[in-house]
Amino acid sequence: MARKFFVGGNWKCNGTTEELKKIVNVLNEGQVPSSDVVEVVVSPPFVYLPLVKSLLRPDFHVSAQNCWVKKGGAFTGEVSAEMLVNLGIPWVIIGHSERRLILNESNEFVGDKVAYALAQGLKVIACVGETLEQREAGSTMDVVAAQTKAIAERVSNWSDVVLAYEPVWAIGTGKVATPAQAQEVHFELRKWLHANTTPEVAETTRIIYGGSVSGANCKELAAKPDVDGFLVGGASLKPEFIDIIKSAEVKKNA
Ligand SMILES: O=C[C@H](O)COP(=O)(O)O
C-alpha cells in the first residue's frame, strides 16, 4: 500500500494573531496537489489553534504541539488530550527534541504521552532524533531505536502514528541532513519497525524527515524511497512552505 506523503508545519512558539492570519492566507491561496496525494497539517501554538482551524482551508488540518500525559486535572499550565479532542483538533506532535532536551522529557514519558493521546482518538506525529554528539559517537541508530522502542512498547495500533526523524543537529541550523543520511536512518527505522512490530506496520507507517527542510532542498529529500514527507519548522512560516508541499509530486511521479 502506498504511503500518502505527509507535510507538517511546526510553527513552534512563534506568531501573533496578525502574523498567523497572513500565513493562513498564503496557505489558503496556495496551489498544491490534492489531498489524495499529500496530507498537510499545520501546528500553531495552543492559543491560536481555534483561530487557525476556523480560517484554514478544509483540505489542510491542524495539530497541537504537545499535550499532557494523562487525563487533565491539577496540572497547572498543561493542556490535555481530551481538550484537544473537544476542540476538534485531530493531530498532536509528541516528543519533539525541544521538549525532550529543554524540558527533559524522557523516552518513557514520551511513549506514555503517545499512547494516551492515541487512546483519546488523536493522531500523533511522534518525533525521534539524535544529537550531534550522539551522531559523532556512532550511536544514531541506538538512540532513535530506543526512542522508538519506548513508543512501540506502549502502542499496538500504528495507523494513527507518523514517525518524524529529526536529527537535532539539523534543526534550525540550516545544516540539513543529506538525502543519503536521511534515507539511511529512515531505512533503518523501517527495518526496526519490521523486526519489532509487524511487517505491515513497517510498510505502512509514514516516516517523515525534519531539520532545515526548505523549498530548495525538499525535492531531493522527497525523492528518497523511505522519506514519506517532512516536519518543517522555520520554512513553514514562509511562502516556500507551498513549494515543500508540492514536493509530494516527486513521489507521485516516481
Ligand atoms: O519540527 C520541526 C523541526 O524542529 C525542524 O525545524 P527547522 O525546519 O526550523 O529546522
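Residues numbered from 1 in each chain as written. Predicted model: local features only at pLDDT ≥ 70, side-chain atom pairs only at ≥ 80, totals over all residues. Heavy atoms only, no water.

Draft legend 1. Main features of the site of the ligand. What surrounds the ligand is a group of 13 residues, the closest being Lys-12, His-96, Gly-172, Ser-212 and Gly-234. A distance of 2.6 Å separates an oxygen atom of the ligand from a polar atom in the backbone of Gly-172. Contact between the ligand and Ser-212: an oxygen atom at 2.7 Å from a main-chain N or O atom of the residue. Computed on the free molecule, the ligand has an accessible area of 300 Å², of which 94% lies beneath the protein chains in the complex. In terms of residue class, the shell around the ligand is made up of four nonpolar, seven polar and two charged. (Near = heavy atom within 4 Å. Polar contact = N/O pair within 3.5 Å; in protein donor to acceptor, adjacent residues only side chain to side chain. Areas by Shrake-Rupley, 256 points an atom, 1.4 Å probe, with all protein chains shown as cover. Nonpolar A, V, L, I, M, F, W, Y, C, P; charged D, E, K, R; others polar.)

Draft legend 2. Local environment of unusual backbone geometry. Backbone geometry places Asn-104, a non-glycine residue, at a positive phi of 55°. Considering the arrangement of structural elements, one finds Asn-104 in the loop between α4 (97-102) and α5 (107-119). Judged by relative accessible area, which is 63%, Asn-104 ranks as exposed. Phi at Ser-212 takes a positive value of approximately 60°, unusual for a residue other than glycine. Examined against the element boundaries, Ser-212 turns out to sit in the loop between β7 (206-209) and α10 (218-222). (Helix = DSSP H or I, 4+ residues; strand = E, 2+ residues; numbered from the N terminus. Buried < 20%, exposed > 50% of the residue type's maximum accessible area, 1.4 Å probe, protein only.)

Draft legend 3. How the structure looks around the layout of surface pockets. Of the volumes computed, that of the largest pocket is approximately 380 Å³. Surrounding the largest pocket, 16 residues form its lining, Lys-12, Cys-13, Gln-65, Asn-66 and Arg-99 being those nearest its centre. Per element, the largest residue contribution to the lining of the largest pocket is three residues, and it comes from α4. The volume enclosed by the second largest pocket comes to roughly 270 Å³. (1 Å grid on protein atoms, 1.4 Å probe; cavity = no way out; pocket = protein on both sides within 12 Å on 5 of 7 lines; lining within 4 Å. Points joined across faces, edges and corners; volume = space filled by probe spheres on them.)

Draft legend 4. Inspection of the side chain of Asp-228 at higher detail. As for its position among the elements, Asp-228 is in the loop between α10 and β8 (229-232). For Asp-228, the side chain forms a polar contact with the side chain of Arg-3, separated by 3.0 Å. Contacts of Asp-228, omitting those with residues within four sequence positions, involve Arg-3, Lys-4, Phe-5, Phe-6, Arg-190, Thr-205, Arg-206, Ile-207 and Ile-208. (Contact = heavy atoms within 4.5 Å.)

Draft legend 5. Representation of the environment of Asn-86. Positionally, Asn-86 belongs in helix α3 (residues 81-86). On the accessibility criterion, Asn-86 (66% relative accessible area) is exposed. Remark: the alpha-carbon pair of Asn-86 and Leu-27, spanning 59 residues in sequence, is separated by 25 Å.

Draft legend 6. How the structure looks around the pattern of salt bridges. All chains considered together, the criterion is met by 16 salt bridges. Between Arg-3 and Asp-226 there is a salt bridge, with the nearest N and O atoms lying 4.0 Å from each other. With Arg-3 in the segment before β1 (5-10) and Asp-226 in the loop between α10 and β8, this residue pair connects regions lying 223 residues apart in the sequence. For Arg-3, the salt bridge identified is with Asp-228, shortest N-O distance 3.0 Å. In this pair, Arg-3 is assigned in the segment before β1 and Asp-228 in the loop between α10 and β8, connecting sequence segments 225 residues apart. Judged by relative accessible area, Arg-3 falls into the partly exposed class, the value being 21%. When its relative accessible area of 2% is taken as the criterion, Asp-228 is described as buried. Each of Arg-3, Arg-190, Glu-203, Asp-226 and Asp-228 takes part in one network of salt bridges that share partners. (Salt bridge = Lys/Arg side-chain N within 4 Å of Asp/Glu carboxyl O.)

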